[in-house]
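What the coordinates show
The chain contents come next:
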Amino acid sequence: VQLVESGGGLVQPGGSLRLSCAASGFTFSSYFMRWYRQAPGKERELVASISSAGGTTTYADSVKGRFTISRDNAKNTVYLQMNSLKPEDTAVYYCSAKPGGRDYWGQGTQVTVSS
């Protein structure tokens, strides 16, 4: 199983970023996918999740209305569109999958929101 995140960077408050996570090594279309984030000195938190076919999504209260999770099962990729970014969104963002009951994580992509 391999998960590779990309798309992070430095953005000003109010700006947008789109994160991508390319998955391989398992049947991507059969599994929920999740985005987590971890800020310095804080625990990793669940940001958003999406069902295997993409019909069900959930979000942390802190990002509702600003972030959108989506997936393209033909490309084995999950996305996180982040709009109206705030300084408190600064964190390393990870995608995650749980094929076979075991948690797998990517290496993470840094998102920094600062003026």
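Residues numbered from 1 in each chain as written. Predicted model: local features only at pLDDT ≥ 70, side-chain atom pairs only at ≥ 80, totals over all residues. Heavy atoms only, no water.

When helices and strands are counted, the chain shows 0 helices and 11 strands. Mapped from its N terminus to its C terminus, the chain presents α and β elements in the order β-β-β-β-β-β-β-β-β-β-β. At 13 Å, the chain has a C-alpha radius of gyration in line with the 13 Å of a compact globule built from 115 residues. Each principal axis of the C-alpha distribution contributes one length, and for the chain these read about 40 × 25 × 20 Å. (Helix = DSSP H or I, 4+ residues; strand = E, 2+ residues; numbered from the N terminus. Rg over C-alpha atoms; globule rule 2.2 N^0.38 Å.)

Right, let's get into the pattern of salt bridges. What the rule picks out here adds up to 4 salt bridges. Notably, a salt bridge pairs Asp89 with Arg37, separated by 2.9 Å at the nearest N-O pair. In this pair, Asp89 is assigned in the loop between strand 8 (77-82) and strand 9 (91-97) and Arg37 in strand 4 (residues 33-38), connecting sequence segments 52 residues apart. For Asp89, a relative accessible area of 0% translates into the label buried. Here the residues in one salt-bridge network are Arg37, Glu45, Arg66 and Asp89, joined through shared partners. (Salt bridge = Lys/Arg side-chain N within 4 Å of Asp/Glu carboxyl O. Buried < 20%, exposed > 50% of the residue type's maximum accessible area, 1.4 Å probe, protein only.)

In strand 11 (residues 109-113), alternate side chains face the same way, and those of Thr109, Val111 and Val113 are buried while those of Gln110 and Thr112 on the opposite face are not. Pairing of strand 2 (residues 9-11) with strand 11, which is carried by 3 bridges, proceeds in the parallel orientation. Along strand 11, the bridge assignment pairs Val11 with Val113. Bridging between strand 9 and strand 11 involves 3 bridges; their strand directions are antiparallel. Within strand 11, the position partnered with Tyr93 by the bridge is Thr109. (Pairing = 2+ DSSP bridges.)

Honestly, it's all geometry; don't read function into it.
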